[in-house]
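Breakdown of the fold
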Amino acid sequence: MFEVRPTTDRDEFARALYGIQQYFGGPPTEEQVDRFNQFLPLDRMHAAFEEGAIVGGAGAFPFEMSVPGGELRCGGVTVVGVYPTHRRRGALRGMMDAQLRDMHERGEAIAALWASEETIYGRYGYGIASWGGDIVLPREWASFAQPLERRGRTRFVAPDEAAPLLQPVWEELMRQRPGTFRRTEAWWRLRTTRVPEPDKDNPARYVVLELDGEVQAYAIFKGDVKFGRGAPESTLNVREAIGTTPQATAEIWRFLLDIDWQATIKASLLPPDHPLFLLLANPRRTDYRFADALWLRVVDVGAALSGRAYAGVGSVVFDVRDAMCPWNEGRWRVSPDGAARTDDEAEIALDVATLGSAYFGATSFAQLRGGLRLEEISQGAVERADALFAWRPLPWCPEIF
Ligand SMILES: CC(C)(COP(=O)(O)OP(=O)(O)OC[C@H]1O[C@@H](n2cnc3c(N)ncnc32)[C@H](O)[C@@H]1OP(=O)(O)O)[C@@H](O)C(=O)NCCC(=O)NCCS
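Residues numbered from 1 in each chain as written. Predicted model: local features only at pLDDT ≥ 70, side-chain atom pairs only at ≥ 80, totals over all residues.

The subject of this paragraph is the overall build of the protein chain. Regarding its fold elements, the protein chain presents 11 helices and 19 strands. Its C-alpha radius of gyration of 22 Å places the protein chain within 12% of the 21 Å reference for a compact globule of 401 residues. Each principal axis of the C-alpha distribution contributes one length, and for the protein chain these read about 70 × 55 × 40 Å. Split into buried and exposed, the 401 residues of the protein chain put 43% on the buried side. Across the protein chain, the fraction of contacts at a sequence separation of at least 24, relative to all contacts at a separation of at least 6, is 73%. (Helix = DSSP H or I, 4+ residues; strand = E, 2+ residues; numbered from the N terminus. Rg over C-alpha atoms; globule rule 2.2 N^0.38 Å. Buried ≥ 20, exposed ≤ 12 C-beta atoms within 10 Å, placed from the backbone. Contact = placed C-beta atoms within 7 Å.)

Shown next, in the form of structure tokens:
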């Protein structure tokens, strides 16, 4: 058995961070520990101890995350790792359990994470809540389906000037789509616009698109320059490209796709309903590879389901199973007014992980029924739940945290 508790000093924090760093090669550097600690407070890092020695860690960023029609406080689960010497002895289970209780006490109604492997987190109540994928587009297939009248102006900005210009665009993304977390000032400075030492010779570039006197889109990208047999064969790696309007999104992508010397344009984490697929004349050529993206855990059923909006009407009664968080167990009636406990007959029985999958509207209850992830007790309940929960646009989290 392991003792699990939050870290209390920098040394414990560093050794807990070594849990994940084990798999990247070596202990975290002093600089990494300091940087992480600026947005991951000591008491948000849980550590597993064996006879006083730390053998694993699991962190949770104190996030605000967009949900359908609003925002909720969210535990952003990160840097999860158990030393290879102590794997498969329950250290992760202990940390997940302590972390969920901690989030519940703090009033974080949801938790979210990116999973290194799909088999890890389902048992702790996390479900696949969004889909995303990467594209590898040969530049010769980069024409748009329709001519684009360009109205905006693009200009480069230095990394240390970028944050205040990019932030309003990111905030607008949060208003438009579920699944995006708020970047704090420290996050912008230390994660988004920092130029790491090895990148000094070829840093990421920051471009803003100004239209009607304001920044309406931006892109962050990095070039990988290569000359083949007499011709440029460079790759443009798009790290982020976000617009606040359809016009601005189209323009920033036109800018990226038109940069000279590029043979291939790559981008990742794009949601299946990204506008690029309809802007392009040959979307098939993006070679879109699609997989699970953000995972969601409903930490508090009542608060989470009451904290999102519903575009639909009607109501449905769920019987929720949640062995790890017993406060969620039982029957809940969900309607556009939110969720409330009920004694009425259950219409759909499901695990809390299935509810997490449905939460953002990216996966329908009909799909979850098809995947044997729920039990429809009353015929037609799945269709009613879908009418209620459906939400567009789809969730999008453009950054792995
Ligand atoms: C994933 C990891 C943290 C699991 O830690 P652990 O202490 O070995 O996990 P536990 O012993 O608590 O395992 C709990 C359960 O999950 C299962 N499990 C854990 N990791 C798993 C994996 N990668 N694949 C399949 N099952 C896994 C265990 O078999 C066990 O199942 P059981 O409850 O039915 O017996 C650890 O393997 C690790 O550090 N991996 C590399 C880093 C990583 O991927 N971190 C996650 C980043 S998102």
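Inspection of the sheet shows strand β9 (residues 205-211) paired to strand β10 (residues 214-224) by seven bridges, in the antiparallel sense. Looking across to β10, one finds that V207 is bridged to A219. Of the strand pairs in this sheet, β10 and strand β11 (residues 234-243) are connected by eight bridges, and their pairing is antiparallel. Note that in β11 the partner of F221 across the bridge is V238. (Pairing = 2+ DSSP bridges.)

What follows deals with the domain arrangement of the protein chain. Split into domains, the protein chain comes out as domain 1 (3-108), domain 2 (133-290) and domain 3 (295-389). One C-alpha centre belongs to domain 1, the other to domain 2, and the line joining them spans 31 Å. Taken together, the 11 residues of domain 1 in the interface contact 11 residues of domain 2. When residues of the side of domain 1 that touches domain 2 are traced back to their parent elements, those giving at least two are α2 (30-39), β3 (53-67) and β4 (70-82). Considering each element in turn, the side of domain 1 that touches domain 2 owes the most residues, five residues, to β3. Residue composition of the side of domain 1 that touches domain 2, grouped by class: six nonpolar, three polar and two charged. (Domains from an automatic or database assignment. Nonpolar A, V, L, I, M, F, W, Y, C, P; charged D, E, K, R; others polar.)

Bringing the packing of helix α1 (residues 10-21) against α2 into the picture now. For any two helices packed against each other, the geometry is given by the interaxial angle and the distance between the axes. The contact between α1 and α2 brings their axes to 10 Å, and the two run at 100 degrees. Taken together, the axes of α1 and α2 lie roughly perpendicular to each other. Residues R10, F13, A14 and L17 of α1 touch α2, and the partners they reach there are V33, F36 and N37. Across the contact of α1 with α2, the residue classes break down as five nonpolar, one polar and one charged. (Axes fitted to C-alpha atoms, helices over the stretch in contact; angles between N-to-C directions. Parallel < 35°, antiparallel > 145°, perpendicular 65-115°, else oblique.)

Counting buried residues in helix α9 (residues 352-359) gives eight out of eight residues, a clear majority hidden from the surface. Where α9 terminates, the next one or two residues include G361, which has phi positive at roughly 90 degrees.

Once that is clear, we can look at the sheet that holds strand β1 (residues 3-6). The strand order β1-β2-β3-β4-β5-β14-β6 describes an open sheet built from seven strands, whose pairing is mixed. A strand with exactly one partner marks an edge of an open sheet, and here the two such strands are β1 and β6 (126-128). Geometrically, the sheet is characterised by an average inter-axis angle of 30 degrees between neighbouring strands, direction not taken into account. For strand β2 (residues 45-50) and β3, the ladder comprises six bridges, and the chain directions are antiparallel. In the sheet register, H46 faces β3, and the bridge partner there is A58.

With that settled, consider the site of the ligand. Neighbouring the ligand are 18 residues, the closest being R87, A91, L92, S116 and T119. The set of elements that each furnish at least two residues to the shell around the ligand consists of β4 and α3 (91-106). Grouping the constituent residues of the shell around the ligand by class yields eight nonpolar, four polar and six charged. (Near = placed C-beta within 6 Å.)

Time to look at the confidence of the model for the protein chain. Chain-level statistics for the protein chain give a pLDDT mean of 97 and a share of 100% at 70 or above. Here α2 is the element of the protein chain with the lowest mean pLDDT, 94, and strand β5 (residues 110-113) is the one with the highest, 99. (pLDDT = per-residue confidence, 0-100.)

All of the buried residues along helix α11 (residues 381-389) are A381, V382, A385, L388 and F389. Projection of α11 onto a plane perpendicular to its axis shows the buried side chains occupying an angular sector of 125 degrees, all on one side. Those residues of α11 that are buried are in contact with β15 (316-321), β16 (330-335), β18 (348-351), α9, α10 (365-370) and β19 (374-376). (Arc of directions from axis to C-beta.)

The next subject is the environment of R183. Its location among the elements puts R183 in the loop between α4 (159-176) and α5 (185-192). Taking the C-beta count within 10 Å as the criterion, R183 has 20 such neighbours and is therefore assigned buried. Distance in space between the C-alpha atoms of R183 and W170 is 8.3 Å, their sequence separation being 13 residues. Dropping the residues within four chain positions of it, R183 is found in contact with Q167, W170, W188 and T192.

Right, let's get into the pairing of β16. As defined by bridge partners, β15 adjoins β16 across five bridges and the pair is classed as antiparallel. The partner of V320 across the bridge, within β16, is G330. As judged from the four bridges shared by β16 and strand β17 (residues 338-341), these two strands associate in the antiparallel manner. In the sheet register, W332 faces β17, and the bridge partner there is R341. In sequence, β16 turns back onto β17 through a hairpin of two residues.

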